[in-house]
Amino acid sequence: MTDNEKIIRELYAAAEGLGTDPKKFVSMFSDDGYMRDVPSSVEFRGEAIGESIAGFAKAFPDVHRELLSIYVAGEVIVVELATRGMHKGELALASGTLAPTGKVIDVPTCDVFHCAGGNVISFHCYNMVSVMQKQLGVG
C-alpha cells in the first residue's frame with residue numbers, strides 16, 4: 001500500500017458515522033486544499049470541509065463508506081465506493097432541508113483525490129445524488 005493510499009484510507013476513517021472527526025478530516029488537507037461536491041458544483045475549503053462531513057454524519061449517523069476499489073497512480077487516487085446509512089437527521093438539499101425519513105441509502109460514488117507532500121490537495125466527489133433522492137422518496 002502506498003503512502004497516498006494510506007492517507008486516503010485514513011481520511012475515510014475520519015468520516016465514519018458516530019466516529020466522524022471533522023478536525024482530523026480537515027487536517028489531512030493542504031492549506032489550499034479543497035473538496036468539491038461535483039453534482040452540486042459546491043466547493044468547500046478550510047473548516048467548511050469539516051462542516052460538510054459533520055452535516056452528512058448528522059443526517060446519517062451510521063454512515064459507512066464501503067471502499068469497493070482503490071486505484072493509485074502516483075499522486076492521483078480514485079476510489080469507487082458505496083455510501084450507506086439510515087436517514088435519521090435533517091439533510092440539507094438544494095431544494096431545502098429534508099426531515100428524517102428513516103430510509104436507508106446505498107449511493108454509488110466515485111471519488112478522485114490529488115495528494116502531495118502527505119496532504120490532500122483536491123477531493124472531487126462524484127456521488128449519484130439522484131439515486132439518493134429516489135431512495136429517500138424525494139426524487
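Residues numbered from 1 in each chain as written. Predicted model: local features only at pLDDT ≥ 70, side-chain atom pairs only at ≥ 80, totals over all residues. Heavy atoms only, no water.

1. Quick word on the overall build of the protein chain
A count of helices and strands for the protein chain gives four helices and eight strands. Listed N to C, the secondary structure of the protein chain is α-α-β-β-α-β-β-β-β-β-β-α in terms of helices and strands. A compact globule built from 139 residues would reach a C-alpha radius of gyration of about 14 Å, and the protein chain, at 14 Å, matches this within 12%. With the principal axes as the frame, the protein chain shows a C-alpha extent of 40 × 30 × 25 Å. For the protein chain, long-range pairs separated by at least 24 residues make up 54% of all intrachain contacts whose partners lie at least 6 apart in sequence. Just so you have it, the protein chain exposes about 7,300 Å², and 54% of that area is on carbon and sulfur atoms. (Helix = DSSP H or I, 4+ residues; strand = E, 2+ residues; numbered from the N terminus. Rg over C-alpha atoms; globule rule 2.2 N^0.38 Å. Contact = heavy atoms within 4.5 Å. Areas by Shrake-Rupley, 256 points an atom, 1.4 Å probe, with all protein chains shown as cover.)

2. Re the packing of aromatic side chains
For the structure on display, the rule yields four aromatic pairs. Taking the centre distance of 4.8 Å and the plane angle of 35° together, the rings of Phe56 and Phe60 count as tilted. Among the residues examined, Phe60 registers a relative accessible area of 0% and is labelled buried. (Phe/Tyr/Trp six-rings, centres within 6.5 Å; stacked < 30°, edge-to-face > 60°. Buried < 20%, exposed > 50% of the residue type's maximum accessible area, 1.4 Å probe, protein only.)

3. Examining the pattern of salt bridges
A full pass over the atoms with the stated rule returns six salt bridges. Between Glu5 and Arg9 there is a salt bridge, with its nearest N and O atoms 2.9 Å apart. You can see Glu5 and its partner Arg9 sitting in helix α1 (residues 3–13), four residues apart, about one turn around the helix. Residue class for Arg9 comes out partly exposed when judged on its relative accessible area of 37%. A salt bridge links Arg84 to Glu66; the nearest nitrogen and oxygen atoms lie 2.1 Å apart. With a gap of 18 residues between them, Arg84 in strand β4 (residues 76–86) and Glu66 in strand β3 (residues 64–73) connect regions that are remote in the sequence. When its relative accessible area of 28% is taken as the criterion, Arg84 is described as partly exposed. Classification of Glu66 as partly exposed rests on a relative accessible area of 31%. (Salt bridge = Lys/Arg side-chain N within 4 Å of Asp/Glu carboxyl O.)

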